[in-house]
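Observations on chain architecture
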Amino acid sequence: MSTTERMIELDLAVSRPTLATRLAVTWEATKSVLRALRNRRAANRLAELDDALLRDIGLSRADVESILRTSGIADDPSRLLTRTARHRAVRSLLSTKSE
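Scope of this entry: the structure provided in the associated data block.

Definitions and limits used
- Residues numbered from 1 in each chain as written.
- Predicted model: local features only at pLDDT ≥ 70, side-chain atom pairs only at ≥ 80, totals over all residues.
- Heavy atoms only, no water.
- Helix = DSSP H or I, 4+ residues; strand = E, 2+ residues; numbered from the N terminus.
- Buried < 20%, exposed > 50% of the residue type's maximum accessible area, 1.4 Å probe, protein only.
- Contact = heavy atoms within 4.5 Å.
- Patch = residues over 30% accessible without salt bridge, like charges linked within 9 Å, V, L, I, M, F, W, Y side chains within 5 Å.
- Areas by Shrake-Rupley, 256 points an atom, 1.4 Å probe, with all protein chains shown as cover.
- Salt bridge = Lys/Arg side-chain N within 4 Å of Asp/Glu carboxyl O.

Structural notes on the overall build of the protein chain
Helices and strands together make up the secondary structure of the protein chain, namely four helices and zero strands. Taken from N to C terminus, the helices and strands of the protein chain fall in the order α-α-α-α. By residue count, 16% of the 99 residues in the protein chain fall in the buried class. A separation threshold of at least 6 residues defines the contact pool for the protein chain, and within that pool the share at least 24 residues apart is 56%.

Structure representation (structure tokens):
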């Protein structure tokens, strides 16, 4: 008696994203890059401010130049600038409380 082995290949349906989904994903990515470029231009304008104004918002010229130099062209430097200014503000508040 011989046994014949048969394999059945099942082609399971793979769901493909619809055109609307692909367009929505592409649009969101485009908006993200455009937002990052807009924020980079704003950060470049920060570098044009004088040192007293930068100090008022909690940044130094070195902070701005360093963040612009280390972030990529499509990266959003505003998060790093905000974080730097907040850390400097917290340190300033803590040092004035201890005095």
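Here we look at the side chain of Asn39
By the secondary structure assignment, Asn39 is in helix H1 (residues 19-46). Ignoring any residue separated from it by four or fewer positions in sequence, one finds Asn39 in contact with Asp76, Pro77 and Ser78.

Some details on a nonpolar patch on the surface
Together, Val33, Leu34, Leu37 and Ile73 make up a nonpolar patch on the protein surface, roughly 350 Å² of accessible area in all. Position of Ile73 relative to the elements: it lies in the loop between helix H3 (61-70) and helix H4 (78-98).

Section: the pattern of salt bridges
Throughout the structure, instances matching the rule amount to three salt bridges. Of the charged contacts in the structure, one is a salt bridge between Glu28 and Lys31, with a shortest N-O distance of 3.3 Å. Note that Glu28 and Lys31 are positioned in helix H1 at a spacing of three residues, about one turn of the helix. Classification of Glu28 as partly exposed rests on a relative accessible area of 43%. In this structure, Asp63 engages Arg88 in a salt bridge whose closest nitrogen and oxygen atoms are separated by 2.4 Å. Taken together, the residues Asp63 in helix H3 and Arg88 in helix H4 connect sequence positions 25 residues apart. On the basis of relative accessibility, which here comes to 16%, the residue Asp63 falls in the buried class. By relative accessible area, Arg88 is classed as partly exposed at 28%.

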